[in-house]
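Each chain, letter by letter, is given below.
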Amino acid sequence: MEIDGKPKKLSWRDLEVLTDSFSKENFIVNVQFGKLYRGKTPDAQELTVKIRWLPPDEVCTIVLCDDAIVDRLERELSVLTNPDLGNHPNLVKLIGYCCEDQGSHYGVVYDVRSKDSLLNLIEKDDFTWTQRMQAALGVARVLEHLHERNYLVCNVHPAHVILDQDSNPVLLDFSLRPDRTIAKRYPNYPCTVYYGYDGYIDPLFVHNGFWVKRADVFSFGIVLLELITKFVFDQSKCDAAREFPAGWAQRQYRQKLNSSSQPVGCLLVHKSFDSAPDFDVCDGVAITKLAVHCVDLDERKRPTMTQIVNYLQGIIDEWDTQSTEETAGKKKNSNAENERKSLLPLFDHED
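The name an unreviewed UniProt entry assigns to the protein is Protein kinase domain-containing protein, from the organism Quercus lobata.

**Focus on the overall build of the protein**
Secondary structure assignment for the protein yields 13 helices and eleven strands. The long-range fraction of contacts in the protein, counting pairs at least 24 apart against all pairs at least 6 apart in sequence, stands at 66%. Total accessible area on the protein is roughly 16500 Å²; 50% of this is exposed by carbon and sulfur atoms.

**Some points on the pairing of strand E9 (residues 161-164)**
Along E9, one buried face is formed by Val 161 and Leu 163 and the opposite face, lined by Ile 162 and Asp 164, is buried too. In this structure, E9 lies alongside strand E10 (residues 169-171), joined through three bridges in antiparallel fashion. Of the residues in E10, the one forming a bridge with Leu 163 is Pro 169. Once E9 ends, the chain turns through four residues before running back antiparallel as E10, passing Ser 167 with a positive phi of about 65°.

**What about the pairing of strand E2 (residues 27-31)?**
Inspection of the sheet shows E2 paired to strand E3 (residues 34-40) by four bridges, in the antiparallel sense. Bridge pairing links Phe 27 to Tyr 37 in E3. The hairpin turn running from E2 into E3, its antiparallel successor, is two residues long.

**Re empty space enclosed by the protein**
Under the definition given, this model contains one cavity of 30 Å³ or more. Quantified by volume, the largest cavity comes out at close to 40 Å³. Forming the boundary of the largest cavity are Val 31, Phe 33, Gly 34, Lys 50, Ile 51, Arg 72, Tyr 106 and Asp 173. Of the residues contributing to the lining of the largest cavity, the split by class is four nonpolar, one polar and three charged.

**Quick word on unusual backbone geometry**
Backbone geometry at Ala 44 places phi at a positive 75°, although glycine is not the residue there. In this fold, Ala 44 is placed in the loop between E3 and strand E4 (46-52).

**Describing the nonpolar core**
With 81 residues, the main nonpolar core has Leu 118, Trp 129, Phe 220, Leu 224, Leu 225, Ile 308 and Leu 312 as its most contacted residues. When residues of this core are assigned to their parent elements, the largest contribution, ten residues, is made by helix H5 (residues 129-148). If you look at the next biggest cluster of nonpolar residues, it comprises twelve residues, including Trp 12, Leu 15, Leu 47 and Val 49.

**Brief notes about the sheet that holds strand E7 (residues 114-117)**
Read across the sheet, three strands follow the order E7-E9-E10 without closing on themselves; strand pairing throughout is antiparallel. Each edge of the open sheet carries a strand with a single partner, namely E7 and E10. On average, adjacent strands in this sheet sit at an angle of 35° to one another, irrespective of strand direction. Contacts from H5 reach E7, E9 and E10 within the one sheet, and its direction differs from that of E10 by about 30°.

**A closer look at the environment of Asp 84**
Note that Asp 84 resides in helix H3 (residues 83-86). Since its relative accessible area comes to 44%, Asp 84 is described here as partly exposed. Separated by 65 residues in the primary sequence, Asp 84 and Arg 149 have C-alpha atoms spaced 8.5 Å apart. If we ignore the near neighbours within four places in the chain, the residues touching Asp 84 are His 145 and Arg 149.

**Topic: the environment of Glu 226**
Among the secondary structure elements, Glu 226 is positioned in helix H8 (residues 213-229). Taking the C-alpha atoms as reference, Glu 226 lies 9.0 Å from Leu 119; in sequence the two are 107 residues apart. Engagement of the side chain of Glu 226 in a polar contact is seen with the side chain of Tyr 200, the distance being 2.4 Å.

**So, the sheet that holds strand E5 (residues 94-100)**
Pairing is mixed across the open sheet formed by six strands, whose spatial order is E1-E5-E6-E4-E3-E2. Pairing within the sheet leaves two strands with one partner each, and these edge strands are strand E1 (8-9) and E2. Across two bridges, E1 lies against E5 in parallel orientation. Within the sheet, the bridge partner assigned to Lys 9 lies in E5 and is Tyr 97.

**Re the side chain of His 147**
If you trace the backbone, His 147 turns up in helix H5. Classification of His 147 by relative accessible area gives buried; the value is 6%. In contact with His 147, not counting residues within four places along its chain, are Leu 152, Lys 213, Asp 216 and Met 305.

**Description of H8**
In a regular helix each residue adds 1.5 Å, so 17 residues correspond to 24 Å; H8 covers 25 Å between its end C-alpha atoms and thus fits that length. Of the residues trailing H8, Lys 230 is marked for its positive phi of about 60°.

**With respect to the side chain of Thr 130**
Counting through the fold element by element, Thr 130 comes out in helix H5. Judged by relative accessible area, which is 18%, Thr 130 ranks as buried. With sequence-adjacent residues up to four places away left out, Thr 130 is seen in contact with Asp 278 and Trp 319.

Calculation rules
- Residues numbered from 1 in each chain as written.
- Predicted model: local features only at pLDDT ≥ 70, side-chain atom pairs only at ≥ 80, totals over all residues.
- Heavy atoms only, no water.
- Helix = DSSP H or I, 4+ residues; strand = E, 2+ residues; numbered from the N terminus.
- Contact = heavy atoms within 4.5 Å.
- Areas by Shrake-Rupley, 256 points an atom, 1.4 Å probe, with all protein chains shown as cover.
- Buried < 20%, exposed > 50% of the residue type's maximum accessible area, 1.4 Å probe, protein only.
- Pairing = 2+ DSSP bridges.
- 1 Å grid on protein atoms, 1.4 Å probe; cavity = no way out; pocket = protein on both sides within 12 Å on 5 of 7 lines; lining within 4 Å.
- Points joined across faces, edges and corners; volume = space filled by probe spheres on them.
- Nonpolar A, V, L, I, M, F, W, Y, C, P; charged D, E, K, R; others polar.
- Core = buried A, V, L, I, M, F, W, Y, C linked by side-chain atoms within 4.5 Å.
- Axes fitted to C-alpha atoms, helices over the stretch in contact; angles between N-to-C directions.
- Polar contact = N/O pair within 3.5 Å; in protein donor to acceptor, adjacent residues only side chain to side chain.
- Expected span 1.5 Å × (residues − 1).

Structural data, given as structure tokens:
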């Protein structure tokens, strides 16, 4: 199967061959409108396959009509074949696609050797602090890339991010839309119809019906919270707790902030990271604060994706400049917190 050139039109049978008939061994994760599988060509080329396949005994998060499935496929192909949009290291590369029987057999084949989904890795102890921050930075970069071109992802979620064999994060599922400033030029465009996961959707969107760039920031903030807490905020957990993740994070953050005069009191980071060789408490405080600001109910207080990228990149750059032969990324000097404050300004307000 060729990677270079135009995407190849494939049959449903082709997808079955690639995934060994969608075997359990090749299954990676459920995405909002289907499933992800590892695939392999006869000449041993590894790739990833996304399908919309819903047997009678399975229920999709949201059921789309055939026309909506075809429209979604067309938009995805348009994005991934647009050199200005699709040419980004953290956005998946397209190999081919399948669309048979008016969308009832729908699949997309990507050029990525999947290690695992970000969703599956979040709760695992072998997914290190460094890997988590690098994944967060990669996701932030691709969101920044799309925002700079006035496009919104609309359903940022860890199931929609795959880490390749080198642990680089790749975004491969999205409900891409123009932001409302562009949508105003196209009055017939359905700019108020979006899909997302409960708990990841900006409450302001529910209130006013407009998805904006900082609504993507809100969703990214939920993913960042999951990375540092080792806790996936799925719907069943939200229902059991009767509280959405943003509310939980804000409440926990304020309680710890008010109960301690020390920066460590602000941490929402999982305790297991305390003994990790690549973790520093100052980083934990900084990332916690970043995540909480991302999910602030006042969208004016949320950072932009460019500010988030600069902030995360600044932290990771410090690991390189302050590392020694004994420690990689572990800050030993007492001025680390002051150095954190010397990074590019992130927020437009003070707590």
